[in-house]
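# Architecture at a glance
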Amino acid sequence: MNRAVMMRIAACAVMGLGAALLIAALLLSTYTAGKISKIPLDIDVTLISNGSGAALDPESLGGEHAVVDQDVPLVAQQQIGVESPANADVVTLQAGSSLRRADRQKDTGLLLAIVDTVTMNRTSGEAVSDDTHPGGSVQRPRNYDDDSPPTNIALPHEGLSYRFPFNTQKQSYEFFDPIAQKAFEANYDGEDDVNGLATYRFEQRVGYDPDGALSEPVRYPSLYGHDEDGEITTSARVWNIDGPDPDEEITMTRYYAAQRVMWVDPVSGTIVKSKVHANHYYARDPLKPEVALADYTVTSSEETIEAQVNAARNERDRVALWSRILPITFTAAGLICLIGGVLVGWFSLPAEAALGRRGRHGSDDSGFFGGFVPKAPTAERPSGAEAETEKIPAQRPQLDPPPAKTESTPPDRGAADSASDPT
């Protein structure tokens with residue numbers, strides 16, 4: 001095989017590689033990028049928020065007066081992990097949330113607690129819920145001395161929960177509140193820098209108007225079977241209500257309102273920072289709080305913000321690798337291969353022409369760069385039976401025979417001798 005043929009083969013191989021790289025780049029930027037832009041299946045985070053507020057002393061309800069302590073240091077904790085079902089399409093998150101007084105130990109400082117479970121679409125982040133599959137549940141509360149296994153109450157979810165979708169847009173999203181047991185709009189409110197990460201800021205209002213005043217607080221949906229914590233009836237003395245009869249029984253209803261600000265990484269949908277002002281209170285008129293159960297404001301701790309920012313950066317790097325870096329690299333390499341293949345094929349033409357000239361001049365049988373030039377095939381000699389015979393013209397017949405050639409008869413040797421002999 002001569003060099004020209006080898007160059008043509010190499011050109012085709014390089015161009016084929018270039019085409020394959022371009023196809024791979026297209027698939028990575030379209031198909032693969034969509035497959036990896038999903039909620040991870042290995043979520044296991046603990047989010048801590050610190051703050052302060054007014055908090056009811058639960059032990060005081062059994063005494064003469066309800067005591068509400070002011071400026072109490074509070075710690076909100078949220079533990080989020082993955083439960084079953086979790087597969088290529090859906091993921092189930094279980095979030096255990098609690099609010100504790102930092103000045104109390106163990107259960108004596110516990111003010112609020114809820115365990116919420118939701119199954120969501122890994123791509124859109126929306127809760128997967130219908131009539132037959134509620135898509136979520138909430139754990140029924142237990143007393144301190146209750147050792148029975150926890151039971152769940154089916155709770156239909158809607159909208160987003162605990163995170164935003166990949167490629168978060170500057171728009172409003174329905175975001176589920178497990179305490180109110182319904183979704184409320186989280187509205188885009190601008191952009192902020194959080195530890196060097198560009199984020200979108202979203203604000204959600206539950207029972208508050210844009211000015212921060214109570215407008216439509218939510219009647220607390222009790223998780224107990226008989227609404228034990230949704231309504232409480234006790235004496236006016238305990239409620240600290242002045243009146244003619246301090247022993248008058250007064251029933252108060254529990255209400256809930258909240259304002260949330262969430263800073264979201266728009267690429268991964270991770271909430272890297274949050275600030276929550278929530279108000280749990282008892283009142284006869286929903287717009288006139290009388291006894292605060294917990295009226296507080298908490299903000300994500302620095303450790304939590306740093307951990308969430310790092311998690312968001314890791315997700316950004318993973319998405320960028322498959323959606324930008326590899327496609328750009330493969331595209332550049334593919335174009336280089338295509339151009340290189342065309343050039344190699346172009347340079348093979350002069351080489352082939354040079355080989356053809358050397359073969360025609362017959363100087364030798366060596367080709368370009370010493371390659372062998374095959375000789376042109378010669379016509380095969382036909383066999384004797386198939387060879388065309390030469391046509392010889394036939395001689396015309398002579399009408400008159402040629403005159404006979406006379407030959408002289410030699411004289412008789414004896415006669416000559418007798419004549420010459422005189423005797």
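The rules behind the values
Chains are numbered independently. Their residues run from 1 in the order of the written sequence. Whole-chain, interface and lining totals are the exception, using all residues; otherwise, since this is a predicted model, local features are given only for residues with pLDDT of at least 70 and side-chain atom pairs are given and counted only at 80 or more. Note: side-chain values were computed over all heavy atoms of the structure, leaving out hydrogens and water. Strands here mean DSSP runs of E at least two residues long; helices mean DSSP runs of H or I at least four residues long; both are numbered from the N terminus. Burial classification: accessible surface area is computed with a 1.4 Å probe over protein chains only, and a residue below 20% of its type maximum counts as buried, one above 50% as exposed, and the rest as partly exposed. The criterion used for residue contact is that any of the two residues' heavy atoms lie within 4.5 Å. Values of accessible area rely on a 1.4 Å probe in the Shrake-Rupley scheme; residue burial ignores everything except the protein chains shown. Per residue, pLDDT captures the predictor's confidence, and it can take any value from 0 to 100. Salt bridges are defined as contacts in which a side-chain nitrogen from Lys or Arg sits within 4 Å of a carboxyl oxygen from Asp or Glu. When DSSP finds two or more bridges between a pair of strands, those strands are recorded as paired. Stacked, tilted and edge-to-face are the three classes applied to pairs of Phe, Tyr and Trp rings, where Trp contributes its six-membered ring and a pair requires centres within 6.5 Å; stacked means planes under 30 degrees apart, edge-to-face means over 60, and tilted covers the rest. To qualify as a nonpolar core, a set must consist of buried Ala, Val, Leu, Ile, Met, Phe, Trp, Tyr and Cys residues joined through side-chain atoms within 4.5 Å. N or O atoms closer than or at 3.5 Å make up a polar contact, with two conditions inside protein: a donor-capable atom paired with an acceptor-capable one, and, for residues adjacent in sequence, both atoms drawn from side chains. Patch members must show over 30% relative accessible area and no salt bridge, and they are joined within 9 Å when carrying like charges or within 5 Å when they are nonpolar side chains of Val, Leu, Ile, Met, Phe, Trp or Tyr. The charge count includes Lys and Arg as positive and Asp and Glu as negative, but it does not include His or the ends of the chains. Where a charge lies is defined by one atom per residue type: Lys uses NZ, Arg uses CZ, Asp uses CG and Glu uses CD.

Going by what an unreviewed UniProt entry lists, the chain is known as DUF3068 domain-containing protein and is assigned to [Mycobacterium] kokjensenii.

The next point concerns the overall build of the chain. Counting its regular elements, the chain contains three helices and 14 strands. Looking at the chain as a whole, 37% of its 423 residues are labelled buried. Sequence separation of at least 24 residues holds for 57% of the intrachain contacts in the chain that already meet a minimum separation of 6. On the chain, roughly 25,400 Å² of surface is accessible, and the fraction owed to carbon and sulfur atoms is 54%.

This brings us to the confidence of the model for the chain. Confidence in the prediction for the chain averages 81 pLDDT; 78% of positions are at 70 or higher. This stretch, residues 405–423, has a pLDDT under 50; its non-local contacts, to residues over four places away or in other chains, come to zero contacts.

Attention now moves to the pattern of salt bridges. One pass over the full model with this rule turns up 14 salt bridges. D177 serves as the salt-bridge partner of R260, at 2.9 Å between the closest nitrogen and oxygen. Taken together, the residues span a long stretch of sequence, with R260 in strand β12 (residues 249–264) and D177 in strand β7 (residues 173–177) at a distance of 83 residues. Under the relative-accessibility criterion, R260 is labelled buried at 16%.

Taken residue by residue, a regular strand's side chains alternate between the two faces of the sheet. Here strand β4 (residues 110–121) pairs with strand β5 (residues 136–139) via three bridges, running antiparallel. Directly across from V118, in β5, lies its bridge partner G136.

Moving on, we come to the environment of L223. Here L223 is to be found in the loop between β10 (218–219) and β11 (231–235). Among the residues examined, L223 registers a relative accessible area of 9% and is labelled buried. Sequence separation of L223 and I114 is 109 residues, and the distance between their C-alpha atoms is 9.5 Å. Apart from the residues within four sequence positions on either side, L223 is in contact with I114, V138, Q139, R140, P141, I153, Q181 and D229.

Moving on, we come to the packing of aromatic side chains. One pass over the full model with this rule turns up eight aromatic pairs. Judged by centre distance (5.4 Å) and plane angle (25°), the rings of F164 and F175 are stacked. Pair noted here: F164 is in the loop between β6 (152–154) and β7 and F175 is in strand β7, with a separation of eleven residues, a long-range link. Residue class for F164 comes out buried when judged on its relative accessible area of 1%. With a relative accessible area of 7%, F175 lands in the buried category. Taking 5.9 Å as the distance between ring centres and 65° as the angle between the ring planes, the aromatic pair formed by Y173 and F202 counts as edge-to-face. A residue pair is termed long-range when its members are at least 10 positions apart, and Y173 in strand β7 and F202 in strand β9 (residues 197–206) qualify at 29 residues.

This paragraph deals with the pairing of strand β2 (residues 68–83). Of the strand pairs in this sheet, strand β1 (residues 44–56) and β2 are connected by twelve bridges, and their pairing is antiparallel. Residue pairing in the sheet places L56 in a bridge with V68 of β2. Pairing geometry for β2 and strand β3 (residues 90–101), over ten bridges, is antiparallel. Each bridged residue has a counterpart across the sheet, and for V75 the counterpart in β3 is R100. Connecting the antiparallel pair β2 and β3 is a turn made up of six residues.

In this structure, L99, V206, W239, Y256 and Y296 are the most contacted members of the largest nonpolar core, which totals 30 residues. Breaking this core down by element, the ones donating at least two residues are β1, β2, β4, β12, β13 (271–283) and β14 (291–300). Here this core gets five residues from one element, more than from any other, and that element is β14. Once residues within four sequence positions are removed from consideration, Y296 is found in contact with S52, G53, L74, L99, L112, V276, H277, A278 and H280.

This part is about the side chain of D229. In this fold, D229 is placed in the loop between β10 and β11. Here the side chain of D229 touches S222 through a polar contact of 2.4 Å, side chain to side chain. Ignoring any residue separated from it by four or fewer positions in sequence, one finds D229 in contact with Y220, S222, L223, Y224, R254 and Y282.

A cluster of acidic side chains, namely E126, E158, E174 and E185, defines a negative patch on the protein surface. With respect to the helices and strands, E185 occurs in strand β8 (residues 182–194). With relative accessibility at 42%, the residue E185 sits in the partly exposed group.

A few words on the side chain of N279. Tracing the backbone through its elements, the reader meets N279 in strand β13. N279 gets classed as buried once you look at its relative accessible area, which sits at 6%. Ignoring sequence-local partners within four residues, the contact set of N279 consists of Y208, Y255, Y256, A257, A294 and D295.

Take unusual backbone geometry next. Where the residue is not glycine, phi is negative for most of them; where a peptide bond is considered, it is trans in most cases. Here the residue pair S84 and P85 is connected by a cis peptide bond, since its omega of 5° sits within 30 degrees of zero. With respect to the helices and strands, the residue P85 is situated in the loop between β2 and β3. Although it is not a glycine, D71 adopts a positive phi angle of roughly 50°. Along the chain, the position of D71 falls in strand β2. Since its relative accessible area comes to 66%, D71 is described here as exposed. Backbone geometry places N240, a non-glycine residue, at a positive phi of 60°.

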